[in-house]
Amino acid sequence: MSLNIKPISDRVVIAPLAAETTTASGIIIPDTAKEKPQKGTVVAVGNGKKDYTMTVKVGDTVLYGKYSGTEFKYEGKDYLIMREEEIYAIL
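The structure reproduced in this document is the subject of the present report. (Residues numbered from 1 in each chain as written. Predicted model: local features only at pLDDT ≥ 70, side-chain atom pairs only at ≥ 80, totals over all residues. Heavy atoms only, no water.)

### Comments concerning the pattern of salt bridges
Right, so step 1: The final tally for this structure, using the stated rule, is two salt bridges.
Right, so step 2: Of the charged contacts in the structure, one is a salt bridge between Asp10 and Arg83, with a shortest N-O distance of 2.8 Å. Note that Asp10 is positioned in the segment before strand E1 (11–16) and Arg83 in strand E5 (residues 77–83), a separation of 73 residues in sequence.
Right, so step 3: For Asp10, a relative accessible area of 4% puts it in the buried group.
Right, so step 4: The salt bridge partner of Lys73 is Asp78, with a shortest N-O separation of 3.4 Å.
Right, so step 5: Owing to a relative accessible area of 62%, Lys73 belongs among the exposed residues under this scheme. (Salt bridge = Lys/Arg side-chain N within 4 Å of Asp/Glu carboxyl O. Helix = DSSP H or I, 4+ residues; strand = E, 2+ residues; numbered from the N terminus. Buried < 20%, exposed > 50% of the residue type's maximum accessible area, 1.4 Å probe, protein only.)

### Quick look at the nonpolar core
Right, so step 1: Grouped together as the largest cluster of nonpolar side chains are eleven residues: Val12, Ile14, Val42, Val45, Met54, Val56, Val62, Tyr64, Leu80, Met82 and Ile87.
Right, so step 2: If you list the elements that add at least two residues to this core, you get E1, strand E2 (39–45), strand E3 (61–64) and E5.
Right, so step 3: For Val56, the residues in contact, after removing those within four places along its chain, are Val12, Val42, Val45, Val62, Glu84, Ile87 and Ile90.
Right, so step 4: In this structure, Val13, Ala15, Val43 and Ala44 belong to the second largest nonpolar core, which totals six residues. (Core = buried A, V, L, I, M, F, W, Y, C linked by side-chain atoms within 4.5 Å. Contact = heavy atoms within 4.5 Å.)

### Some thoughts on the pairing of E2
Right, so step 1: Summarising burial for E2: five of the seven residues are buried, a large majority.
Right, so step 2: Here E1 runs beside E2; their pairing, made up of five bridges, is antiparallel. Its bridge partner lying in E2, Ala15 is registered against Thr41.
Right, so step 3: Where E2 meets E3, three bridges bridge the pair, whose relative direction is antiparallel. Bridge assignment links Thr41 to a residue of E3, and that residue is Thr61. (Pairing = 2+ DSSP bridges.)

Structure follows, in structure tokens:
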């Protein structure tokens, strides 16, 4: 998946993965009780800051904070843009 968006500085664009619809035991979770996803795929990466290179790459699956980043829609899809420091781990 490639976007025509090029984040600046140390920003990263992430496509959040879909929220879980059932629990491990098979209980269906209603829309009102679903939590925001905290896992996503990196779709675009900025160049980094002076004396700092980016750690994440396009295609990496990452964990981020529940309220991290800024949500936006592009071509009908939901994305998040955030600083690389808001990403907790690469899976």
